[in-house]
Amino acid sequence: MYQPLADRIRPETLEHVVGQGHILGQDGLLRRVIESGRIPNMVFYGPSGTGKTTVANLIAKQSGRTLRRLNATTASLSDIREVTEQVGTLLAPNGVLLYLDEIQYFNKKQQQSLLEFIENGTITLIASTTENPYFTIFNAILSRSTVFEFKMLTPQDILPAVDRGIRIQGEELGVEVHWEDGVREHLAASCGGDVRKALNGVELLMSASRVKDGALTITMEDAKLAAQRSAMRYDRAGDDHYDIASALMKAMRGSDPDGALHYLARLLEAGDILTAIRRILCSASEDVGMAYPQAVAIVKACVDSALQLGLPEAKLPLAQAVILLATAPKSNSVCAAINAAMADVRAGNTGDYPRHLQNVHADGTGFERKQGYLYPHNYPNHWVEQQYLPDPIADRVYYEYGSNKNEQAARDYWKKIKNR
């Protein structure tokens, strides 16, 4: 039966696991735990292809416990019962090490069914997830587990695995393997930090290459074709979605056009134009605001153009909007002002509308006085002093003028009029 190269050469020792030096290095906490043989309940969190399953296999081998594997996307309560029934039998005399992949797909009842066995130690749980465990795993499981984060691998981390895959598959095929300059590095860099993708690329290239004079040559042209678009790591409903959206917003806010363009490009490459548009429209008011009020109209025009053009041409007006926002003067006075006002409303600091602001239909029988509203356009400079906030918060100040030239000019204008 066919077995992928990534599974055939899965590391059998910690030394062959690539990356994750922060937890698996010589003094790494997880490494010391594994070597002690006393394995606690753990949650492995990180992108796919970073070694979570491999390390779980090594832990089972080190601890001498029976390894049982379930995938939460297909497992059910009956599968959990089948595992728990093996505890204390000849099938699992030393207890069970349960590796539960993609635990975020288990509902609360399924996760809670493991609690009794986790607490008494008959089952040691190693759960893996590609999504933030503090959002997707219930507290009852988290409180009994230690979370270890597996970080995305760098091309330098993956290169030894690529070399190992080429060497082992060459031995299996019984041929000498040659590769053009840059092939190994391209495979390591174009897999998006996923070892499995890199090894799949190695296997594909070696299967497709022709043997000539007992040697097999991997070309750069083939490597580029095999790896095209594979460097993208994006999940529209997962952490990557929110991380890229957040990074785009923060780069625009931080006045870094290069960073903002990079994250825009990642969103567009994934085809997620709507997330890019929402962040761009929001930044125009949240981060630029009154420092350059015209930005809203310009950005809206860019967005409209992008929606009419569609991808790939939409990249141009969206890039223009991103560069505009990243290089524009900044002010969060709009954001701060509305947040302060909404905080008062939510706290119940409201009060009745001032009588002179009420609708004129209230002027009638039963009211002790007329509305008394002063129409500002009847006064010099179109302004007249009168109270607008409710009595309980009449002196509240929400909007503070920003330090930029635009808002300071507005401040000086109204200061001159109101203090005349």
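Refer to the structure printed above.
Notes on the structure in this doc start here.

Cut-offs applied
- Residues numbered from 1 in each chain as written.
- Predicted model: local features only at pLDDT ≥ 70, side-chain atom pairs only at ≥ 80, totals over all residues.
- Heavy atoms only, no water.
- Helix = DSSP H or I, 4+ residues; strand = E, 2+ residues; numbered from the N terminus.
- Core = buried A, V, L, I, M, F, W, Y, C linked by side-chain atoms within 4.5 Å.
- Buried < 20%, exposed > 50% of the residue type's maximum accessible area, 1.4 Å probe, protein only.
- Contact = heavy atoms within 4.5 Å.
- Pairing = 2+ DSSP bridges.
- Polar contact = N/O pair within 3.5 Å; in protein donor to acceptor, adjacent residues only side chain to side chain.
- Patch = residues over 30% accessible without salt bridge, like charges linked within 9 Å, V, L, I, M, F, W, Y side chains within 5 Å.
- Areas by Shrake-Rupley, 256 points an atom, 1.4 Å probe, with all protein chains shown as cover.
- Salt bridge = Lys/Arg side-chain N within 4 Å of Asp/Glu carboxyl O.
- Expected span 1.5 Å × (residues − 1).
- Arc of directions from axis to C-beta.
- Phe/Tyr/Trp six-rings, centres within 6.5 Å; stacked < 30°, edge-to-face > 60°.

Side note on unusual backbone geometry
In step 1: Note that the residue after Leu311, namely Pro312, is joined by a cis bond; omega there is 10°.
In step 2: By secondary structure assignment, the location of Pro312 is in the loop between helix 17 (294–309) and helix 18 (315–327).
In step 3: Residues other than glycine seldom take positive phi values, yet His382 does so here, at roughly 60°.
In step 4: Along the chain, His382 falls in the loop between helix 19 (333–346) and helix 20 (405–418).

Focus on the nonpolar core
In step 1: In terms of nonpolar packing, the biggest core is built from 28 residues, with Met252, Leu264, Ile280, Val299, Leu318 and Leu325 touching the most fellow members.
In step 2: Elements with a contribution of two residues or more to this core: helix 14 (239–253), helix 15 (257–269), helix 16 (273–288), helix 17 and helix 18.
In step 3: Excluding residues that lie within four positions of it along the chain, Leu318 makes contacts with Leu264, Leu268, Ile273, Ile277, Ile280, Val303 and Ala306.
In step 4: The next biggest cluster of nonpolar side chains, apart from the first, holds 26 residues, and it includes Val177, Leu205, Met206 and Ala223.

Structural notes on the sheet that holds strand 8 (residues 215–218)
Each strand in a sheet pairs with another by means of backbone hydrogen bonds, the pair being arranged parallel or else antiparallel.
In step 1: Strand order in the open sheet formed by three strands is 6-8-7, and the pairing between neighbours is mixed. Only two strands of the sheet have a single neighbouring strand rather than two, namely strand 6 (176–179) and strand 7 (211–212).
In step 2: As defined by bridge partners, strand 7 adjoins strand 8 across two bridges and the pair is classed as antiparallel. Residue pairing in the sheet places Val211 in a bridge with Leu216 of strand 8.

With respect to the environment of Ser36
In step 1: In this fold, Ser36 is placed in helix 3 (residues 29–36).
In step 2: Along the primary structure Ser36 and Val202 are separated by 166 residues, whereas in three dimensions their C-alpha atoms are 36 Å apart.
In step 3: Engagement of the side chain of Ser36 in a polar contact is seen with the backbone oxygen of Val33, the distance being 2.6 Å.

Topic: a nonpolar patch on the surface
In step 1: A grouping of Leu357, Tyr373, Tyr375 and Tyr388 is seen on the molecular surface, where their side chains present a nonpolar patch of about 390 Å² in accessible area.
In step 2: Within the secondary structure layout, Tyr375 lies in the loop between helix 19 and helix 20.

As for helix 17
In step 1: Over its 16 residues, helix 17 runs 23 Å from end to end, which matches the ideal 22 Å to within 8%, given 1.5 Å per residue.
In step 2: Within the sequence span of helix 17, burial applies to Ala295, Val299, Cys302, Val303 and Ala306. Down the axis of helix 17, the buried set is contained in an arc of 100°. They therefore lie on one face. Opposite the packed face of helix 17, turned more than 90 degrees from it, sit the exposed residues Ala297 and Gln308.
In step 3: Buried residues along helix 17 sit against helix 16 and helix 18.
In step 4: Two residues or fewer past helix 17, Gly310 is found with a positive phi of approximately 75°.

Looking at the packing of aromatic side chains
In step 1: Going through the model one piece at a time under the given rule, you end up with four aromatic pairs.
In step 2: Centre to centre, the rings of Phe44 and Phe148 are 6.5 Å apart; their planes meet at 75°, and the pair counts as edge-to-face. In this pair, Phe44 is assigned in strand 1 (residues 42–45) and Phe148 in strand 5 (residues 146–149), connecting sequence segments 104 residues apart. With respect to class, Phe44 is no different from Phe148; both count as buried.
In step 3: Measuring from centroid to centroid gives 4.9 Å for Tyr399 and Tyr401, while their planes differ by 70°, and the two rings are edge-to-face.
In step 4: According to the relative accessible area criterion, Tyr399 is partly exposed, its value standing at 29%.
In step 5: Relative accessible area serves as the criterion here: at 32%, Tyr401 is assigned to the partly exposed category.
In step 6: An aromatic cluster is present here, built from Phe44, Phe148 and Phe150 joined pairwise through their rings.

As for the pattern of salt bridges
In step 1: With the rule as written, the count across this model stands at 14 salt bridges.
In step 2: Between Arg396 and Asp344 there is a salt bridge; the shortest N-O distance is 2.6 Å. Taken together, the positions of Arg396 in the loop between helix 19 and helix 20 and Asp344 in helix 19 put the pair 52 residues apart, joining distant regions of the chain.
In step 3: According to the relative accessible area criterion, Arg396 is partly exposed, its value standing at 35%.
In step 4: Of the residues examined, Asp344 reaches a relative accessible area of 8% and is grouped as buried.
In step 5: Three or more residues are tied together by salt bridges with common partners; here these are Arg8, Glu172 and Glu203.

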